[in-house]
Amino acid sequence: MSTMIILSLLLNIAVLIPVCAGIMTNASWAQQSYGEATPARGILLSIYLSIIAVSALLLVVSRTEAAAALLLVQIVYKVTTPFTVRSIKNPVVISNLFIAAFHIATIILVWRSL
């Protein structure tokens, strides 16, 4: 697996572990960024935990195609967040766009190496 895919998967894990911890402990910064504890926030937590688990698994089993599929789904949801949140100023939206940019670079480099 390419170095960029490994870095993208590690980025997922590094960003989402503290985010999930903040959501689970209802940290004040999580409330400010994600809103009050609601079923929707619980669903988002489940999605984030899934991304952590799949990213970790892909670091072990090394499946480029599966990693690319995960990253593509993340790119789509992260790039659409400014429209669904209706703001570019939310810290989650901003971080999503930066992470999407990194994942896009990863996908481009992987695509070019095929």
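Right above here is the structure, for reference.
What you see is a predicted model, and the numbers here were worked out from it, not measured in a lab.

Caption draft 1: Here's a closer look at the packing of aromatic side chains. Summed over all chains, the structure comprises one aromatic pair. Ring centres of Tyr34 and Tyr48 lie 6.1 Å apart, and the angle between their planes is 80°; this geometry places the pair in the edge-to-face category. One end of the pair, Tyr34, is in helix H2 (residues 28–34); the other, Tyr48, is in helix H3 (residues 39–61), with 14 residues separating them in the sequence. Per residue, the accessibility class of Tyr34 equals that of Tyr48, and both read buried.

Caption draft 2: Examining a nonpolar patch on the surface more closely. The grouping of Ile6, Leu7 and Leu10 at the surface amounts to a nonpolar patch, some 220 Å² of accessible area in total. By the element assignment, Leu7 lies in helix H1 (residues 3–24). The class for Leu7 is partly exposed, based on a relative accessible area of 39%.

Caption draft 3: Region of the structure containing the nonpolar core. Ranked by size, the top nonpolar core spans 18 residues in total, and within it Leu9, Ile23, Tyr34 and Tyr48 carry the most contacts. Every element with two or more residues in this core is listed here: H1, H2, H3, helix H4 (64–85) and helix H5 (91–113). In terms of residue count, the dominant contributor to this core is H1 (six residues).

Caption draft 4: Region of the structure containing the packing of H1 against H4. H4 packs onto H1 with a crossing angle of 50° between their chain directions and a minimal axis gap of 11 Å. The orientation of H1 relative to H4 falls into the category oblique. The chirality of how H1 crosses H4 is left-handed. Here Ile5, Ser8, Leu9 and Asn12 of H1 come into contact with H4, specifically with Thr64, Ala67, Leu70, Leu71 and Gln74. Here the residues of the contact of H1 with H4 sort into five nonpolar, four polar and no charged.

Caption draft 5: Spotlight on the environment of Tyr34. When the C-alpha atoms of Tyr34 and Ala69 are compared, they prove to be 26 Å apart, with 35 residues separating the residues in sequence. Not counting the four nearest positions on each side in its chain, Tyr34 is found in contact with Val19, Ile23, Trp29, Arg41, Leu44, Tyr48 and Val92.

Caption draft 6: Up close: the environment of Pro91. Tracing the chain through its elements places Pro91 in helix H5. For Pro91, a relative accessible area of 47% gives the class partly exposed. Taking C-alpha positions, Pro91 is 9.3 Å from Gln32, a pair spaced 59 residues apart along the chain.

Caption draft 7: Highlighting unusual backbone geometry. The phi angle at Ser62 is positive, at roughly 55°, despite the residue not being glycine. Assignment of secondary structure puts Ser62 in the loop between H3 and H4. The partly exposed category is assigned to Ser62, whose relative accessible area is 35%. Residues other than glycine seldom take positive phi values, yet Arg86 does so here, at roughly 65°. Mapped onto the elements, Arg86 comes out in the loop between H4 and H5.

The rules behind these values
- Residues numbered from 1 in each chain as written.
- Predicted model: local features only at pLDDT ≥ 70, side-chain atom pairs only at ≥ 80, totals over all residues.
- Heavy atoms only, no water.
- Phe/Tyr/Trp six-rings, centres within 6.5 Å; stacked < 30°, edge-to-face > 60°.
- Helix = DSSP H or I, 4+ residues; strand = E, 2+ residues; numbered from the N terminus.
- Buried < 20%, exposed > 50% of the residue type's maximum accessible area, 1.4 Å probe, protein only.
- Patch = residues over 30% accessible without salt bridge, like charges linked within 9 Å, V, L, I, M, F, W, Y side chains within 5 Å.
- Areas by Shrake-Rupley, 256 points an atom, 1.4 Å probe, with all protein chains shown as cover.
- Salt bridge = Lys/Arg side-chain N within 4 Å of Asp/Glu carboxyl O.
- Core = buried A, V, L, I, M, F, W, Y, C linked by side-chain atoms within 4.5 Å.
- Axes fitted to C-alpha atoms, helices over the stretch in contact; angles between N-to-C directions.
- Parallel < 35°, antiparallel > 145°, perpendicular 65-115°, else oblique.
- Left-handed = near helix turned anticlockwise from the far one by under 90°.
- Contact = heavy atoms within 4.5 Å.
- Nonpolar A, V, L, I, M, F, W, Y, C, P; charged D, E, K, R; others polar.

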